[in-house]
Structure formats: C-alpha cells, structure tokens
Amino acid sequence: MSAVSDRLPVFPWDKLEPFKATAAAHPGGIVDLSVGTPVDPVPELIQKALVAAADSPGYPTVWGTPELRDALTGWVERRLGARDVTHRHVLPVVGSKELVAWLPTQLGLGPGDKVAYPRLAYPTYEVGARLARAEHVVYDDPTELDPTGLKLLWLNSPSNPTGRVLSAAELTRIVAWAREHGVLVLSDECYIELGWEADPVSVLHPDVCGGSYEGIVSVHSLSKRSNLAGYRAAFLAGDPAVLGELLAIRKHGGMMTSAPTQAAVVAALSDDAHVHEQRERYAARRTALRDALLGHGFRIEHSEASLYLWATRDESCWSTVAHLAELGILVAPGDFYGEAGEKFVRVALTASDERVAAAVERLR
C-alpha cells in the first residue's frame, strides 16, 4: 500500500534547517523572518472571550453558534462590502491551511480534474491537489488556461509570497471567465486587512461579483489580523450551494472549531481597534526592513500588501539565504513558492520590534 505522503513534495522548510543553525550562531542571536508566524500578544478582549467560554463540556457544531455566524456575516458586509449575506453564506473552518489542503478532496475532485493556482504561490495549493490525486497547473493569467477539466481555480490577493494585489477590474474579468466555463473560484484573501500601497478588494464585493455569489467562495483567516494563529480560526464566505455541501461533509468528518475559539472569533470580528493597532506595528516594521534591504542592495517587487517583502539581489535565492544567515537573519527562499521565485527571498514582517531593529542594524 502506497503511503499518502508519497504523493506529496518534500516538506520545504526542512531544507532551511542548516541556514537556521548558521543564523542562530550569530553573536546577537537569530532574527527569524522566514515563516511569518505572529509574535505579538493576542488582544486582551479576545483572551477574555476565550477564557469566559472555557467551561464548554459539550461538542461544538461544525457550522458554529448563531452568534459566530452573526459575527461572520456582519464582518463580511462591513469590511468586504458584500450585500445580503446570510448564515448560509458563511462557514467556520479549523484554520485556513487545513481548508486549502483538503478542499479538493472534500469537493470530490480526483484523477482527470485540474486545480489551478498562481505560478508563485503558497505551496499548500499544490498539496491539496496532490492529496486528491487531481492534476495541478500554474498560471500567470488564469483566463489563458485551458478550461477543459478545470474544476477549481485558486486566486490569492494579496499574494503570499509576493504581496501583489489584484485590482477590482482584474477580479471581475477572472470571475466572469470562470463562470462562463463553470469553474469554481476560491479566493484566498487571508491578508486582505494588510494593504499598504494598495487597497485589496474581495471577490465578494458587488463591483466584482455583480451581487451574486454563484461559483465564488472567499477564504479568510484571523491568524494575521488578530494574532490568532495558535487558535486555528478561519472561515469561508460565498456560494451557499458550495458551503452547504462542505458543511455536510465536514459534519461527518468532525471538522469543528472548538467552542472557546468560536467565542474568541466573535470578539475578534466585533472589534476593529486591535486590527488598526496591529497594522501600525507591521507598517513600522515594514518601513524599517524595506529601507534597510534597499540600502543593502536589494530590489523589492510588488509587496504592496500582505506580511512580506519580496526581495532580490538577482542571484540564486539560496545564495541570498546563505548571505543573510551569516548576518544572523533567516528568510524564506523564493523557490519554496515556485520555480519563478528562484532569485527572490520572502522577508516576513513578523518579528518583534527589537529583532527587526537588530536586523536593520546588521543590514547597515
């Protein structure tokens, strides 16, 4: 019996371990700008909501409490500009990575079906296709794909790793093309709260979808906006026919968000002040790192949004990783995200102010 893991690529982060050891040996300690995991405290109001719901002896529901669904629909309308969003248009999930990895399987995709994603992209899109034994294809412009057999089209705006933002016009054109060819669009919008030089737009905005959610679903996460990566809190919004099918499947699979986490999400989505405060932290770190990298001879492309700077010295990404590791700075090699990233590195903004200041000083 072939192991399921045989279908998967080598876990990329294992390749970074020798460079992590080099960076950790720096006299001033490592500055880890590789993974992009939040380091700032969970806002107090969210912690209090979690604690208040700690006495939850019963099973939670996959669809979530009515209070959670109210919070999800309210945020989607308030923040994304969507209209007429009901409980049928939202579904909580156990972190967005779980969703990305298992969605093709839960949609019933398999051999002969195609899953498409950007040429530079989060590696788990490919993993999801492989787990389902579906074919995976990459694109520069999805409307140039052959739609034959194409069942799932991933969009990612703002992009991980590049920080590129798709305009409303681009999204509108892509959604129209996908609907014409009967292709389901999944728009990964986990960084939508983190626009710097652009204002990201959701596929759920009426200017993009025409007020109809048919054939489109957006993915959102609280990991970055609210520092809740450890809570595994995310959700889907969009086509109720798709979400209804996923709800039925996930009920059978027991894929439910814990009751305390559901209560924490209600608190998090009901407050915008902590999001603004976290944005200000990331904005300051972004400015400091960007200026330091440019001064060190890097060129930065895109990076108009998200939690990363997409930087290059026009050399092999591994040469750049090695160079920065000698300075005690660990970054992610661009080829983790596709062959097109072979001369880039991804620099995360997720380090403390003290560690960012250390990186800036070393780059000088």
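Just so you know, these numbers come straight off a predicted model, no measurement behind them.

Parameters at a glance
- Residues numbered from 1 in each chain as written.
- Predicted model: local features only at pLDDT ≥ 70, side-chain atom pairs only at ≥ 80, totals over all residues.
- Heavy atoms only, no water.
- Helix = DSSP H or I, 4+ residues; strand = E, 2+ residues; numbered from the N terminus.
- Rg over C-alpha atoms; globule rule 2.2 N^0.38 Å.
- Buried < 20%, exposed > 50% of the residue type's maximum accessible area, 1.4 Å probe, protein only.
- Contact = heavy atoms within 4.5 Å.
- Areas by Shrake-Rupley, 256 points an atom, 1.4 Å probe, with all protein chains shown as cover.
- Phe/Tyr/Trp six-rings, centres within 6.5 Å; stacked < 30°, edge-to-face > 60°.
- Lys NZ or Arg CZ within 6 Å of the ring centre and 35° of its normal.
- Salt bridge = Lys/Arg side-chain N within 4 Å of Asp/Glu carboxyl O.
- Polar contact = N/O pair within 3.5 Å; in protein donor to acceptor, adjacent residues only side chain to side chain.
- Pairing = 2+ DSSP bridges.

Chemist: Is there a simple way to think about the overall build of the protein chain in this case?
Modeler: When helices and strands are counted, the protein chain shows 12 helices and 13 strands. For 364 residues, the compact-globule estimate of 2.2 N^0.38 gives 21 Å, and the protein chain sits close to it at 20 Å. For the protein chain, the spread of C-alpha atoms along the principal axes amounts to about 55 × 50 × 50 Å. When the 364 residues of the protein chain are sorted by exposure, 54% land in the buried category. Of the contacts formed within the protein chain by residues at least 6 apart in sequence, a portion of 75% connects residues at least 24 apart. As displayed, the protein chain offers around 15300 Å² of accessible surface, 53% of which is attributable to carbon and sulfur atoms.

Chemist: Sorry if this is basic, but what is going on with the packing of aromatic side chains here?
Modeler: A ring pair, where both rings are aromatic, is described by two values, the distance of the centres and the angle of the planes. For the structure shown, the criterion picks out 11 aromatic pairs. Both rings, one in Trp13 and one in Phe336, keep their centres 5.1 Å apart while their planes meet at 80°; by these two values the pair is edge-to-face. Placement of Trp13 in the segment before α1 (17-24) and of Phe336 in the loop between β12 (332-333) and β13 (344-348) is noted, with a sequence separation of 323 residues between them. Using a relative accessible area of 22% as the deciding quantity, one classes Trp13 as partly exposed. Residue class for Phe336 comes out buried when judged on its relative accessible area of 8%. Their ring planes at 90° and their centres at 5.7 Å tell us that Trp75 and Phe235 sit as a pair that is edge-to-face. Separated by 160 residues along the polypeptide, Trp75 in helix α3 (residues 66-80) and Phe235 in strand β8 (residues 234-238) bring together distant segments of the chain. For the pair Trp75 and Phe235, a shared accessibility class is recorded, and that class is buried. An aromatic cluster of at least three residues, connected via ring pairs, comprises Trp13, Phe19, Trp310, Trp318, Phe336, Tyr337 and Phe344. Above the ring of Trp63, the side-chain terminus of Arg69 is found at 3.9 Å from the ring centroid.

Chemist: What is the right way to look at the pattern of salt bridges in this model?
Modeler: A side chain with one charge may pair with a side chain of the opposite charge, provided their charged atoms come close. A full pass over the atoms with the stated rule returns 18 salt bridges. Between Asp141 and Arg173 there is a salt bridge, with the nearest N and O atoms lying 3.3 Å from each other. Residue Asp141 is located in the loop between β4 (135-139) and β5 (150-156), and its partner Arg173 is located in helix α6 (residues 168-180); the two are separated by 32 residues in the primary sequence. Residue classification places Asp141 among the buried positions, given a relative accessible area of 19%. Each of Asp40, Arg285 and Asp353 takes part in one network of salt bridges that share partners.

Chemist: Even after reading the chapter, I still don't get the environment of Ala259, so can you show me in this structure?
Modeler: Within the secondary structure layout, Ala259 lies in helix α9 (residues 259-269). For the pair Ala259 and Ala53, spaced 206 residues apart in sequence, the C-alpha separation works out to 7.0 Å.

Chemist: Teacher, can you tell me more about the environment of Asp314 here?
Modeler: As for its position among the elements, Asp314 is in the loop between β10 (308-312) and α11 (317-326). Between the C-alpha atoms of Asp314 and Arg78, which are 236 residues apart in sequence, the distance is 42 Å. Leaving out residues up to four positions away in the same chain, Asp314 has contacts with Arg299 and Lys343. At 2.8 Å, the side chain of Asp314 forms a polar contact with the side chain of Arg299.

Chemist: I tried to follow the side chain of Ser202 on my own but got confused; where do I start?
Modeler: Locating Ser202 in the fold gives a position in the loop between β6 (184-188) and α7 (206-209). By relative accessible area, which is 2% here, Ser202 ends up buried. In this structure the side chain of Ser202 is engaged in a polar contact, spanning 2.8 Å, whose partner is the side chain of Glu189. For Ser202, the side chain forms a polar contact with the main-chain nitrogen of Leu204, separated by 3.0 Å.

Chemist: What am I meant to see in helix α5 (residues 124-131) here?
Modeler: Note that an α-helix has 3.6 residues per turn; residues three or four places apart therefore point the same way. Burial analysis of α5 places 6 of its 8 residues in the buried class, which makes it a mostly covered element. Turning to α5, its buried residues are Thr124, Tyr125, Val127, Gly128, Ala129 and Leu131.

Chemist: Explain the environment of Tyr213 here, please?
Modeler: Tracing the backbone shows Tyr213 in the loop between α7 and β7 (216-221). Sequence separation between Tyr213 and Asp239 is 26 residues; the distance between their C-alpha atoms is 4.9 Å. Here Tyr213 is in contact with Ala82, Arg83, Asp84, Val85, His89, Arg179, Leu204, Gly238 and Asp239, once residues within four sequence places are set aside.

Chemist: Would you explain the sheet that holds β10 in this entry?
Modeler: Taking strand neighbours across the sheet as the criterion, the 4 strands line up as β9-β10-β13-β12 in an open arrangement whose pairing is antiparallel. Strand pairing shows two members of the sheet lacking a second neighbour, β9 (299-301) and β12, which therefore form its edges. For β10 and β13, the ladder comprises 5 bridges, and the chain directions are antiparallel. Residue pairing in the sheet places Trp310 in a bridge with Arg346 of β13.

Chemist: Could you clarify how one ought to interpret unusual backbone geometry in this entry?
Modeler: With the exception of glycine, the majority of residues adopt a negative phi angle, and the majority of peptide bonds are in the trans configuration. The linkage connecting Ser157 with the following residue, Pro158, adopts the cis geometry, with an omega of -5°. If you trace the backbone, Pro158 turns up in the loop between β5 and α6. Residues Asn160 and Pro161 are joined by a peptide bond in cis, for which omega reads 25°. Within the secondary structure layout, Pro161 lies in the loop between β5 and α6. At Arg232, a residue that is not glycine, the phi angle is positive and equals roughly 55°. Of note in this structure, Ser306 is not a glycine but carries a positive phi near 80°. Take Ser306: it is sitting in the loop between β9 and β10.

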